[in-house]
Amino acid sequence: MNYRLSTLFGLGASAILTVLILVGSRNLQNFDSALFGYTVASVIAFGALIFRYALWLQRPATRTYWKRGWQIYLKREKFVQNTGIAAKTFAGNILAQSFILKRGFKRWLMHFLIMWGCIISAMITFPLVFGWVHFELEGDIGYRAYLFGFPLQLMQGRSITAWLTFHALDITAIMVLVGCGIAIHRRLHDRGAIALQQFLLDFVPHLMLIAISVSGLMLTASSLWFDGYMYHFIALTHQATVIMTLFYLPFGKLFHIVQRPASLGVELYRKRSPEMQQAECPRCRTEFSAQIWVDDLNKVIEKLGFDYTLPDGTKLQDHCPQCKRIMRGISYANLPDVNEPVFLGVRAEESKEEVQTKDNV
Ligand code: HEM
Ligand code: HEM
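Remember, it's a predicted structure, so these values are computed and weren't measured experimentally.

Visitor: Before we move on, could you go through the overall build of the protein and cite the residues and values that matter?
Guide: Secondary structure assignment for the protein yields 15 helices and 7 strands. Relative to its length of 361 residues, the protein is extended, with a C-alpha radius of gyration of 27 Å against a globular reference of 21 Å. Taken along its principal axes, the extent of the C-alpha atoms in the protein is 85 × 50 × 45 Å. Burial statistics for the protein: of 361 residues in total, 36% are counted as buried. At a minimum sequence separation of 6, the contacts of the protein that also span at least 24 residues come to 57%. When the accessible surface of the protein is totalled, it reaches about 22800 Å², and 65% of it is carbon and sulfur. Charge centroids of the protein, computed over 36 positive and 26 negative side chains, lie 5 Å from each other.

Visitor: Could you give an account of the pairing of strand 5 (residues 287-290), with specific residues and numbers?
Guide: Pairing of strand 4 (residues 278-280) with strand 5, which is carried by 3 bridges, proceeds in the antiparallel orientation. Considered in strand 5, the bridge of Glu 280 is made with Glu 287. With antiparallel pairing between neighbouring strands as the criterion, strand 4 and strand 5 make up a hairpin whose turn holds 6 residues, including Arg 285 at a positive phi of roughly 65 degrees.

Visitor: Just give me the short version of helix 14 (residues 321-333), but keep the residues and values in it.
Guide: In a regular helix each residue adds 1.5 Å, so 13 residues correspond to 18 Å; helix 14 covers 18 Å between its end C-alpha atoms and thus fits that length. Three or more residues of helix 14 are buried, namely Cys 323, Met 327 and Ser 331. Viewed along the axis of helix 14, the buried residues span an arc of 75 degrees, placing them on a single side of the element. In helix 14, those exposed residues whose orientation departs by more than 90 degrees from the buried face are Gln 322, Arg 325 and Ala 333.

Visitor: Give me the site of ligand 1: which residues, what numbers.
Guide: Around ligand 1 there are 22 residues in total, and Arg 107, His 111, Arg 187, His 206 and His 256 lie nearest to it. A distance of 3.0 Å separates an oxygen atom of ligand 1 from a polar side-chain atom of Arg 103. His 111 places a side-chain nitrogen or oxygen 2.7 Å from a nitrogen atom of ligand 1. Elements represented by at least two residues in the shell around ligand 1 include exactly helix 4 (79-95), helix 5 (98-101), helix 6 (105-129), helix 7 (160-189) and helix 11 (256-259). Counting residues per element, the shell around ligand 1 draws most heavily on helix 6, which supplies 7 residues.

Visitor: Lay out the pattern of salt bridges with the relevant residues and their values.
Guide: Taken as a whole and judged by the stated rule, the model has 11 salt bridges. Across the pair Asp 296 and Arg 68 runs a salt bridge, and its minimum N-O distance is 2.8 Å. Of this pair, Asp 296 sits in helix 13 (residues 291-303) while Arg 68 sits in helix 3 (residues 60-73), and the two are 228 residues apart along the sequence. Just as Asp 296 is buried, Arg 68 falls in that class too. For Glu 267, the salt bridge is made with Lys 271, and the minimal N-O distance between the two is 3.7 Å. Of the two residues, Glu 267 and Lys 271 are both situated in helix 12 (residues 263-272); the distance of 4 residues between them amounts to about one turn of the helix. One salt-bridge network, held together by shared partners, links Arg 68, Asp 296 and Lys 299.

The rules we used
Residues numbered from 1 in each chain as written. Chains lettered and ligands numbered in written order. Predicted model: local features only at pLDDT ≥ 70, side-chain atom pairs only at ≥ 80, totals over all residues. Heavy atoms only, no water. Helix = DSSP H or I, 4+ residues; strand = E, 2+ residues; numbered from the N terminus. Rg over C-alpha atoms; globule rule 2.2 N^0.38 Å. Buried < 20%, exposed > 50% of the residue type's maximum accessible area, 1.4 Å probe, protein only. Contact = heavy atoms within 4.5 Å. Areas by Shrake-Rupley, 256 points an atom, 1.4 Å probe, with all protein chains shown as cover. Lys, Arg positive; Asp, Glu negative; His and termini not counted. Charge placed at Lys NZ, Arg CZ, Asp CG, Glu CD. Pairing = 2+ DSSP bridges. Expected span 1.5 Å × (residues − 1). Arc of directions from axis to C-beta. Near = heavy atom within 4 Å. Polar contact = N/O pair within 3.5 Å; in protein donor to acceptor, adjacent residues only side chain to side chain. Salt bridge = Lys/Arg side-chain N within 4 Å of Asp/Glu carboxyl O.

So, in C-alpha cells, the structure goes:
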C-alpha cells in the first residue's frame, strides 16, 4: 500500500475544498463564522475520505476492476451505448436501489429513506455551511436565495416553496428517523441478522444518524415553540454529532456510500463481456465467461497470494461454475476418512505440515 500517495491525494482534496469555500463564499463575505467548526470538520473529513478511497483503489481486486471498468467505458466506438448502460444501471441500482428491493420491500424502504434523507440533508447543509448558498430578506415579505453570490428567484415568505425550503431538514430528519427505526427493528428481530451483526458496524451508524436527526428536530422545536430555549446548547449538540459522523464516514460502514457506486464499472464489464472472446472450461469444454474476465480473476488471486492450481496443472478458476461445484462434490465424496479431510487433493495433515514448515522458515 502506498500511504504516501494516498496522503497526498487526501491533502490535495482538502486544499481544493478550502479554495472552493473561499471562492464560493466570495472570499468569506457570505460565510457564517458560527459555522466554522462544521467547515473545518468537513474539510478534514473530505481529505480523510479521499485518503481512504485512494487506499481502497490500491487493493488488487478494486484496482483491476476499476481500471477495466473505465477502459471498457471509454472505448470510442461503444461510448454512447456504454453511457446508456451506465445511466440505466445508475438509475436502477444507485438512485432507486432496485437490487435491495429484491431482498424485501421493508429493507428497500429502510434504505431508501435513510439514503435520500441523508443525501438531501447534505445537499442543503454543506452549501449553507460553506457559504455557497445564503438567504437575504428582500422587502417586507420576501426572501432571496443566493448561489455562489448570484441571486436566484425571489420567494414569498408565506408561500409553500418557502415553507418547504425552511422545513426541508425537518422532513429529511423524519425520513432518516423512520428508516433507522425500520433498520433497528429488523436487526432486533431477524435471526439471520442477529447471528452476524456487530454493535460497532451495524448499530453505531444508525445511532449517530438518529442523534443528528433528533438534535436537528429539537432545534426546530426550540425556535418554533419554546422561544429558543436551550437553542445554543442543542446547536452545539447537533454540531458535535454531525462532526463525529463526518469523522466516522471514511473509516466505518458509511464508507459504502462512496464505495458502492464503483460497482457501475463492474456491471458494465459484466454486460459487455458476452461480446468478448470467451473462455472455455477445460473440463466440460463449454464457453462460460469472457477470457479477459478469467485472466483478471487469475491476476487478482495471484496478487492476493492464493494458489488454486490443481494436480492437472489447470487452475480452479479456469473452470465453469458448474464444474467447480462438481469437482468440489467429487473431492468431498472421495474423502477417505471423515477425520482426515481432503480439499482439492491436499490432505489437512499435509497442509498443516506445510504451514508449520513455512512458519519455521
Ligand atoms: C447517503 C447515502 C447512504 C447512506 C446514508 C446509507 C446508509 C446505510 C445504512 C445505515 C445501512 C445499514 C442498514 C442496516 O441496518 O442493514 C446501509 C446498508 C446498505 N447500503 Fe447504504 N447508504 C447510502 C448509500 C448507499 C448506496 C449509494 C448504495 C449502493 C448503491 C448502498 C448500498 C447498501 C446496501 C446494499 C446495504 C445493505 C442493505 C440490506 O441490508 O439489505 N448504500 N446503508
Ligand atoms: C442526516 C443528516 C442531517 C439531518 C437530518 C439534519 C437535520 C437538521 C435539522 C432538522 C435542523 C434544524 C433546522 C431548522 O431549525 O429549521 C438542522 C440544523 C442545522 N444543521 Fe443539520 N442535519 C443533518 C446534517 C447536517 C450536516 C452534515 C451539517 C453540516 C455539515 C449540518 C449543519 C446544520 C446547521 C449549521 C444547522 C443550523 C443550526 C444552528 O442554528 O446552529 N447538519 N439540521
